[in-house]
Structures are given as structure tokens and as C-alpha cells.
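# Structural overview for review
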Amino acid sequence: MRSCRFTRGGREAYGVVEGTTVRALSAAPWLGGLPEGPALPLADLELLAPTLPGKVVAVGRNYRAHAAEQGAEVPKEPLLFLKPSSAVIGPGAAIVLPEASKLVHHESELAAVIGRTLTRAGTAAEARAAIFGWTCLNDVTARDIQRAEGHFTRAKSFDTFCPIGPVVETALDPLDLTVSCRVNGEQRQRGTTRDMVYDPFLLVAFISQVMTLYPGDVVTTGTPEGVGPLKRGDWVEVEISGIGVLKNPVA
Ligand code: ZN
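Residues numbered from 1 in each chain as written. Predicted model: local features only at pLDDT ≥ 70, side-chain atom pairs only at ≥ 80, totals over all residues. Heavy atoms only, no water.

### Things to note about the domain arrangement of the protein
Short version of the rule: Domains are outlined according to an automatic or database domain assignment. Should any heavy atoms of two residues lie within 4.5 Å, those residues are counted as being in contact. When two parts are put together, the accessible area they lose, computed with a 1.4 Å probe and summed over both, is reported as buried area. Here a salt bridge means any side-chain nitrogen of Lys or Arg lying within 4 Å of a carboxyl oxygen belonging to Asp or Glu. Distance and chemistry together define a polar contact, namely a pair of N or O atoms within 3.5 Å, with one atom able to donate a hydrogen and the other to accept it when in protein, and with adjacent residues in sequence counting only for side-chain atoms on both sides. Each helix is a run of DSSP H or I of at least 4 residues and each strand a run of E of at least 2, with the numbering of both proceeding from the N terminus. Any residue that is not Ala, Val, Leu, Ile, Met, Phe, Trp, Tyr, Cys, Pro, Asp, Glu, Lys or Arg is counted as polar, Gly included; the first ten are nonpolar and the last four charged.
What the domain assignment reports for the protein is domain 1 (2-48) and domain 2 (56-249). In this structure, domain 1 and domain 2 have C-alpha centres spaced 24 Å apart. Opposite the 9 residues of domain 1 that make contact, domain 2 presents 15 residues. In terms of surface lost to domain 2, no three residues of domain 1 exceed Arg2, Trp30 and Leu47, which account for 66% of the buried area on that side. There are 1 salt bridge connecting domain 1 and domain 2. For the pair domain 1 and domain 2, the number of links is 4 residue pairs in polar contact (both at pLDDT 80 or more). Elements that contribute at least two residues to the side of domain 1 that touches domain 2 include exactly strand S1 (2-8) and strand S5 (46-48). When residues in the side of domain 1 that touches domain 2 are grouped by element, the largest group, 3 residues, is from S1. Tallied by class, the residues present in the side of domain 1 that touches domain 2 amount to 7 nonpolar, 1 polar and 1 charged.

In C-alpha cells:
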């Protein structure tokens, strides 16, 4: 199943994508939303971020080659940080470069959307059962601020710094996906989730030891090597095999 959120005629709804059409859902699919109304042409809809997360939990340096390009060791335990829900935007919405930064980077990432409340998962299998599906996420980062401060909060949290979408795909093996990034059509990143240090199920289980994950929350799993700068007027695309392309302009 592929789910989305969209707006049409001033109304926002979750939907299920069926080929080139979308049917609205009565609620989020992870809350048991059911199809209602006619099939709408996908091309006529403005897609929104496919979830409204209470929180986005992210991990630093989860691919060896990316840790190396940042001159950092692979962490001995997952290195967690948060991105605020206020940073979330959908496909096609502009990433706005803040005045405070001179170096904003893209980070293409595979993200899990949580389907069931999860507290202190004992096993990766328990975590797997709580995941609804998978989507693309761009962990936009003010790299100069991150380097200057050490702390991640300001660097990772500017409004519009968390594009998510275009859809959530449920039938997918997250352990063997290609994660890539293009800027203005030119390839910048291309990695495989096989190179993750901690796989997504271990990450979700680990995070749930710290904080309860709620339906709709997002866990993003780190970026492969090849991060690089964004400038005004760019178009940045995050593509993950089996999910699709998350494309955003930079303003
Ligand atoms: Zn990241």
C-alpha cells in the first residue's frame, strides 16, 4: 500500500494511491482510515508531507563513508537528535535558506513512519511490527552552524529543513534500498541501506528505550556519503528505490 496526504479545494486528507489515482481516507491509514469518495487523478492533487509527526527522530553518522567524510568516527551507540515538527514540509514546497547560515547541505535519507505506539521495545522484531511504512526524507542541515556549535539543534531545525514524502510505502524491505540525491539533475549521493551501521529496526528499538514513539512519528536513518551545498534556485531530489522521488526547490 502507498499512502499520501493531499490538499484539494481547501480540504486536507490522507489518501491511498492506486496507480494514477488517489482515494481519500477517513483518517490516517495507521489509525485505520478507510477509503471514501471517488478516485481522484493524482496529477490534480497537491501532495503534502505524508504524515504530521509529533516528532522526527534522526541519527548521526549511520553510514561509515559519511562519517569518514565528516572526519568523524562511527558512534559506538546510535547518535540521536531531534528535528522539530515545525520544520516538516511536503513535496514541491520550498526549502528556505536562513540568513544565519552560509552553508546548507542536503542529506538524503530513508525514514520510517511509526504505525503503533512503541515503548521500550525489547527486540528488533517488536520494533518492526510498530513501523507502518517507509518514505524519503531530506535532513537539511546548516553545516557551518553544526560545525561551529557541536550541538545539532539549531543547525537541523530551521523552518522547512525537513522535507518528507512523496508517499509512504508499506511493502518494502528497508535493508536493501538505493538512497540517492540529485541537485538540478546531477547526482550528488548514491548509497545503499546495506551500508548502514545500525539497521532501521535496531534504531527504532533503541529509540523506543529513550522515548515513546507514537503513530505518525518519523524515524530517519542517516545519510550516505556525498552530502553537499544547496543554493537559491536549486531543485533537490531525494530518490529511494521502491518509494519514489521527493523533489523540492530551494529559495
Ligand atoms: Zn541526517
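### Some thoughts on the sheet that holds strand S12 (residues 141-142)
Two modes of strand pairing occur in sheets, parallel and antiparallel, and in both the strands are linked by backbone hydrogen bonds. We apply this condition: DSSP bridges decide pairing: two strands pair if at least two such bridges lie between them.
Taken in spatial order, the 3 strands of this open sheet run S12-S9-S17, and their pairing is antiparallel. The open sheet has two free edges, formed respectively by S12 and strand S17 (228-229), since each of these has just one partner strand. By the bridge criterion, 2 bridges tie strand S9 (residues 104-106) to S12 in an arrangement that is antiparallel. What sits directly across from Val104, in S12, is Ala142.

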